[in-house]
Amino acid sequence: MTKHLGRLRGRHRVSGRAGPVRNHWAAAALLALSIPLAGCGADPADEPPGEAPGAAVVAVQAAWSRETAPGQDAGGAFLTLDNRGAEPDRLLGGSTPIAEDVQVHSVDMAGGVMRMREIAGGLPIPAGGTVTLEPGGYHIMLMGLREPLRQGAEVPLTLTFERAGAVTVALDVRPIGAEGPWEAHDD
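What counts, and at which threshold
- Residues numbered from 1 in each chain as written.
- Predicted model: local features only at pLDDT ≥ 70, side-chain atom pairs only at ≥ 80, totals over all residues.
- Heavy atoms only, no water.
- Core = buried A, V, L, I, M, F, W, Y, C linked by side-chain atoms within 4.5 Å.
- Buried < 20%, exposed > 50% of the residue type's maximum accessible area, 1.4 Å probe, protein only.
- Helix = DSSP H or I, 4+ residues; strand = E, 2+ residues; numbered from the N terminus.
- Contact = heavy atoms within 4.5 Å.
- 1 Å grid on protein atoms, 1.4 Å probe; cavity = no way out; pocket = protein on both sides within 12 Å on 5 of 7 lines; lining within 4 Å.
- Points joined across faces, edges and corners; volume = space filled by probe spheres on them.
- Phe/Tyr/Trp six-rings, centres within 6.5 Å; stacked < 30°, edge-to-face > 60°.
- Polar contact = N/O pair within 3.5 Å; in protein donor to acceptor, adjacent residues only side chain to side chain.

A look at the nonpolar core
Judged by nonpolar contacts, the single largest core of 27 residues is most densely connected at L81, L91, I140, L142 and L157. If you list the elements that add at least two residues to this core, you get β1 (58–66), β2 (74–83), β4 (99–110), β6 (123–125), β7 (130–133), β8 (139–145), β9 (154–161) and β10 (165–174). Every residue in contact with I140, bar those within four places of it in the chain, is listed here: G75, G76, A77, L79, L91, V102, Q103, L133, L157 and L159.

This is the structure in structure tokens:
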């Protein structure tokens, strides 16, 4: 078939005559140009601003972290995830310029011992649901810190979701013993 198409294209270029091959390519080009116009009648209020139709939407709120001690090579990040989409999503991990790796972790108790471990496959976020990552529960670990987390700083963090893709936030670094984002800085 490739050999046949090559002969048709070659004959078309040599002859310069309009014929079935030229009409075929013209029809294909017209069809390709008309496809993007198919959605022009859609109501823009149906989709959130800046989102592609059907895109997953995860809002990130109250993103914060705790100050780390000099030489500490890991830190935690906490936040609230609000899945505003109609489909479930999953927090897979992320990245930040200040750490080598960003992992999603859980904390559980076994035999009176608290254990922290990475969640295989990511953290599910139900459609229309909210998941809070907080001390003592689900949280994000910033592994291999390149510099300490300093109280008062804002640290960029890009979260990776299965459906929503990459979402970048700023972690507000709170005092070492902070229990939530509401605690004031000791500036």
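A few points about the layout of surface pockets
For the largest pocket, the calculated volume is near 200 Å³. What lines the largest pocket is a set of 13 residues, among which R66, G75, G76, F78 and M141 lie closest to the centre. Considering each element in turn, the lining of the largest pocket owes the most residues, four residues, to β2.

Quick word on the packing of aromatic side chains
This model, assessed by the stated rule, comprises one aromatic pair. With a centroid separation of 4.7 Å and 40° between ring planes, the pair formed by W64 and F78 is classed as tilted. In this pair, W64 is assigned in strand β1 and F78 in strand β2, connecting sequence segments 14 residues apart.

Describing the side chain of Q103
Along the chain, the position of Q103 falls in strand β4. A polar side-chain atom of Q103 sits 2.8 Å from a polar atom in the side chain of D101.

A short note on unusual backbone geometry
Despite not being glycine, A62 has its phi angle at roughly 50°, a positive value. Within the secondary structure, A62 is located in strand β1. The class of A62 is partly exposed, set by a relative accessible area of 44%.

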